[in-house]
Amino acid sequence: MLPVMLTGAQPTGFSQYTLGRLAAVQNASSGNGVQFTEMYSYAASGLPVGKRLQVNQTVSYVSGGILQQGTGQRNLDAAYCV
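In this report, the structure presented in the accompanying data block is examined. Just so you know, these numbers come straight off a predicted model, no measurement behind them. (Residues numbered from 1 in each chain as written. Predicted model: local features only at pLDDT ≥ 70, side-chain atom pairs only at ≥ 80, totals over all residues. Heavy atoms only, no water.)

## Focus on the side chain of Q54
Here Q54 is to be found in strand β4 (residues 48-63). Overall, the relative accessible area of 7% leaves Q54 in the buried class. A polar contact of 3.5 Å, which involves the side chain of Q54, links it to the side chain of N56. (Helix = DSSP H or I, 4+ residues; strand = E, 2+ residues; numbered from the N terminus. Buried < 20%, exposed > 50% of the residue type's maximum accessible area, 1.4 Å probe, protein only. Polar contact = N/O pair within 3.5 Å; in protein donor to acceptor, adjacent residues only side chain to side chain.)

Structure, rendered in structure tokens:
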């Protein structure tokens with residue numbers, strides 16, 4: 001499955017000045033429940049100033065004899081020197 005590219009969106013409050021620019025690339029979830037999303041942020045001039053790699057994973061576990069599901073999320077942020 002191809003990645004989904006979002007333009008002009010404001011994913012999770014990270015991206016700025018994305019109107020008409022690439023805002024995020026969301027890759028399809030793998031068979032093990034892991035999904036990667038790359039988010040971009042720009043200066044008002046249009047230069048890229050930041051990138052976030054967000055990793056989401058759905059996990060299943062048993063608690064008190066009942067099957068539960070949960071989602072973990074981690075962010076890796078990078079800044080560009082302008």
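## Points about the pattern of salt bridges
Within this structure, the stated rule accounts for 2 salt bridges. Residue K51 is joined to E38 by a salt bridge in which the shortest nitrogen-to-oxygen separation is 3.0 Å. Of the two residues, K51 sits in strand β4 while E38 sits in strand β3 (residues 34-42), which places them 13 residues apart along the sequence. (Salt bridge = Lys/Arg side-chain N within 4 Å of Asp/Glu carboxyl O.)

## So, the environment of L47
Mapped onto the fold, L47 is located in the loop between β3 and β4. Residues L47 and C81 lie 34 residues apart in sequence; the distance between their C-alpha atoms is 9.8 Å.

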